[in-house]
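Notes for the structure review
Here are the chains, one letter per residue:
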Amino acid sequence: MSQISSLRSSTGALLLSLGLIATPALGLDTHRRSPTGCLSRCRVIPGDALWPGPNAWKTLNDTVGGRLIETVPIAHVCHDPAYSEEECQFVTENWLSPYVLTPRPGDFLSSWFQNQSCVPHTDRSTPCDLGNYASYSINVSSVDHVIAGLDFAERNNVRLVIKNSGHDFYGKSTGKGALALWTRHLDHKEIIENYSESYYQGPAFKMGAGVNGGEASAYAADHGYQIVAGSCPTVGPAGGYTQGGGHSFLTGFYGFGADNVLEWEVVTASGDLLIATPEQNEDLYWALSGGGGGTYGVVVSMTVRLFPDGQVAMASVDFDVDTIGDVEEYWHAVQSMITDLRPLIDAHGFVGQFAVTNETANFYAILAPGMTSSQLSNILNPILPTLATDGVTPQQVNLHLYESHSYYELYARTIMPLAGGGVLTPVTGGRFVTGANLDANATAIIDAMRTTVAGGKFSVTAVMLNAQGAARVVEPVADNAVQQDFKDAYLCLIIPGAFDWNGPWEEAENQQEEYMNEILPLFEEVTPGAGAFLNEANWAQATAEDYHGDNHERLRAIKAKYDPYNLFYALTGVGEDAWTPDAEGRLCRTEITA
């Protein structure tokens, strides 16, 4: 008997006698065992006749030891009757800051999916409605809490979501009327000095699902190691980051986050706690390692391999139209920087990040593992003269060099302050650029960037990498579901739209149309076959099948095996087509099954 079935047998009669759950006669407790699904084809939302009553939520709260939290959006202090001038000023000044929102239940960073329902920029008399926010969260600290949440959601036909940090372009960690499994306080950290299995022998790091990247990197460094984690310190490695593949400043040497996973500890839709490795539940291991988050099960921990800490250097280069001389030379310099860095990234394992507007270009991090700043300078110096007109020196394009004997120390000093405070604007998109695209269409790709940023409504940011370059020192732990176009990418573009929060929301809607109808087609035309990163694109630009390519059918089969009745739903995730939202935001079943 599964753990969730055992929990039912001990509590089901009591809940039925109190009227706290629907009876099987209503079809709300049968969809796991019946391929026809629930008789009621839509998840309930507040106001529906079958929405769980106060006693049901109280009983759930008792079951999870008082860890059920009713959602109160942080911006409620900007609206009557809870208005507080001082608190509202803080929220307004820090709106969508990951440092402010990620430690909170219910709140999330995707402003498009907040849909202005409770934000600090609307009039204080505007009601603070939950809108797309989850109604409740369980502050998960044990597997039993996960099982109780799964059981409650299934019995009561309530939408279920998994929230780690709330970093997500697609609003996967929220949903109208949802019960969220908030994993932030699964914060266990453990160094395993001598992990030993047939597929890996060496140091490893087991972390709870709620440990964020900054915490994980610092902990690894304290023990003399470095870990493949994202550039933003508040992103949780065990969440959508690694489950979506996960690029890093160390990808040129050690590959993607998913390439380094040794074990997943995951609770499935049936309430079973499984260990998934390359040799045990290997299909689930494969799917979780790059096949997308929030759809196969609830990850409670992840174990990854570690690498010795060591010497690292970094360079930054920035310039603008005035520095370079004129607009044409400025864009020539942007193109030169992007194309001239490519062979260095291929050969030396560098990873870079840059941001470009119609006036400024900031290659703010070119990271070189294993090098001193002097060595990095010698490699970069030959390309710098091509950045500008004759007579412009490297100093005039603001070359800065840094080094450290510890990756984390350098990261914390230089990259973390830049990456940690970034916010998601309402409209954001993305696209890969492969090396082949650049060889064939470099000028056209730069022209697409130039057109995109010309009006000041959008900017272009990118990660520059080669996950299969000559400098890579380890192969993936095992085969995984990382999308092939991610492996082929040289640039991972992110295209955020600027948004004035004091302006009308219709501007965001207009910007979404502009991105989908004008900006995205530009890049699709000049990057044929490149695709987009399943974690960093626009929610409307692709489906799960588009993101996973040849992996999609295998992923669908694994989804069907471990979640046959689609308890887990995530926009753009595998199995998303089993559900569609109605006009009021409730999820309703389609005719498609996993």
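Located above this text is the structure these notes cover.
Residues numbered from 1 in each chain as written. Predicted model: local features only at pLDDT ≥ 70, side-chain atom pairs only at ≥ 80, totals over all residues. Heavy atoms only, no water.

Attention now moves to the sheet that holds strand S8 (residues 261–267). Here five strands make up an open sheet; going across it, the order is S5-S6-S10-S8-S9 and the pairing antiparallel. On the outer flanks of this sheet lie strand S5 (189–197) and strand S9 (273–276), each paired with one strand and no other. With direction set aside, neighbouring strand axes in the sheet form an average angle of 20°. (Pairing = 2+ DSSP bridges. Helix = DSSP H or I, 4+ residues; strand = E, 2+ residues; numbered from the N terminus. Axes fitted to C-alpha atoms, helices over the stretch in contact; angles between N-to-C directions.)

A surface patch of like charges, here negative, comprises Asp-500, Glu-506, Glu-507, Glu-509 and Glu-513. Mapping Glu-513 onto the fold places it in helix H17 (residues 506–526). (Patch = residues over 30% accessible without salt bridge, like charges linked within 9 Å, V, L, I, M, F, W, Y side chains within 5 Å. Areas by Shrake-Rupley, 256 points an atom, 1.4 Å probe, with all protein chains shown as cover. Salt bridge = Lys/Arg side-chain N within 4 Å of Asp/Glu carboxyl O. Lys, Arg positive; Asp, Glu negative; His and termini not counted. Charge placed at Lys NZ, Arg CZ, Asp CG, Glu CD.)

The subject of this paragraph is the environment of Glu-328. Relative to the elements of secondary structure, Glu-328 occurs in helix H12 (residues 327–348). Sequence separation between Glu-328 and Arg-586 is 258 residues, and the spatial gap between their C-alpha atoms is 51 Å. At 2.7 Å, the side chain of Glu-328 and the side chain of Arg-450 are in polar contact. (Polar contact = N/O pair within 3.5 Å; in protein donor to acceptor, adjacent residues only side chain to side chain.)

Relative to the assigned elements, Lys-163 resides in strand S3 (residues 160–163). The exposure class of Lys-163 is buried, given its relative accessible area of 1%. Spatially, the C-alpha atom of Lys-163 lies 6.3 Å from that of Thr-183, the residues being 20 residues apart in sequence. Other than its neighbours up to four places away in sequence, Lys-163 contacts Thr-102, Arg-104, Pro-105, Gly-106, Asp-107, Ser-173, Leu-181, Trp-182 and Thr-183. For Lys-163, the side chain forms a polar contact with the main-chain oxygen of Arg-104, separated by 2.7 Å. (Buried < 20%, exposed > 50% of the residue type's maximum accessible area, 1.4 Å probe, protein only. Contact = heavy atoms within 4.5 Å.)

Moving on: unusual backbone geometry. Each neighbour pair has its own omega, and for Asp-80 with Pro-81 the value is 5°, a cis peptide bond. Following the sequence through the fold, Pro-81 ends up in the loop between strand S1 (68–70) and helix H3 (85–93). Its identity is not glycine, yet Asn-115 carries a phi of approximately 55°, on the positive side. Among the secondary structure elements, Asn-115 is positioned in the loop between helix H5 (111–114) and strand S2 (136–139).

Within a beta sheet, neighbouring strands are joined by backbone hydrogen bonds and run either parallel or antiparallel to one another. Read from one edge to the other, the open sheet built from four strands follows the order S1-S2-S4-S3, with strand pairing classed as mixed. Both outer strands of the open sheet, S1 and S3, are each paired with one neighbouring strand and no more. Averaged over neighbouring strand pairs, the angle between their axes works out to 30° when direction is ignored. Here three bridges tie S1 to S2, and the two strands are oriented antiparallel to one another. Its bridge partner lying in S2, Leu-68 is registered against Ile-138. Of the strands in this sheet, S1, S2 and strand S4 (179–182) are in contact with helix H2 (residues 54–63), which crosses S1 at around 140°. Here helix H6 (residues 143–156) sits on the sheet and contacts S2, S3 and S4; the angle it forms with S4, its principal contact strand, is near 170°.

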